[in-house]
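Residue-level listing of the chains:
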Amino acid sequence: MTAGCRFAILDGANQSGAKVIAKCPHCERGMSSIKVEAIQIKAGKSSWNGVAYCCPSCDCALSVMIDQISLKDDVVAEVLQGLGREQ
Ligand SMILES: [Zn+2]
């Protein structure tokens with residue numbers, strides 16, 4: 001789920017030094033940082049730990065994805081369990 005991003009190019013539009021500031025598509029304020037929230041992603045009977053990237057000003061969710069660190073830990077635990085070893 002991606003709400004889409006718009007960028008404002010300040011101080012010129014070159015790739016080597018242009019200052020780029022992301023703008024929230026909901027409140028249109030500039031973002032120099034982003035807020036990350038834990039979220040459960042559900043698809044049918046499956047569920048994964050996920051992260052939502054949110055605007056720090058209005059909390060609008062800009063993107064959601066599976067939590068890569070949690071996914072890695074889950075895979076390692078399942079492999080060890082499959083090998084008969086517990087973590
Ligand atoms: Zn916003």
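See the structure shown above.
Residues numbered from 1 in each chain as written. Predicted model: local features only at pLDDT ≥ 70, side-chain atom pairs only at ≥ 80, totals over all residues.

**Q** How should the sheet that holds strand E4 (residues 35-43) be read in this particular structure?
**A** Backbone hydrogen bonds are what pair the strands of a sheet, in a parallel or an antiparallel way. Spatially, E4-E5-E6 is the arrangement adopted by the three strands of the open sheet, whose pairing is antiparallel. Looking along the sheet, the strands with just one partner apiece sit at the ends: E4 and strand E6 (61-66). Each neighbouring strand pair of the sheet contributes to a mean axis angle of 30 degrees, computed without reference to strand direction. Both E4 and strand E5 (residues 46-54) contribute to a ladder of nine bridges, which runs antiparallel. (Pairing = 2+ DSSP bridges. Helix = DSSP H or I, 4+ residues; strand = E, 2+ residues; numbered from the N terminus. Axes fitted to C-alpha atoms, helices over the stretch in contact; angles between N-to-C directions.)

**Q** Would you explain unusual backbone geometry in this entry?
**A** In most cases, non-glycine residues show a negative phi, while peptide bonds are predominantly trans. The phi dihedral of Glu28 falls on the positive side, at around 65 degrees, and the residue is not glycine. Note on placement: Glu28 falls in the loop between strand E2 (19-23) and strand E3 (30-31). Although it is not a glycine, Asp59 adopts a positive phi angle of roughly 65 degrees. According to the C-beta neighbour criterion, Asp59 is partly exposed, with 13 such atoms within 10 Å. (Buried ≥ 20, exposed ≤ 12 C-beta atoms within 10 Å, placed from the backbone.)

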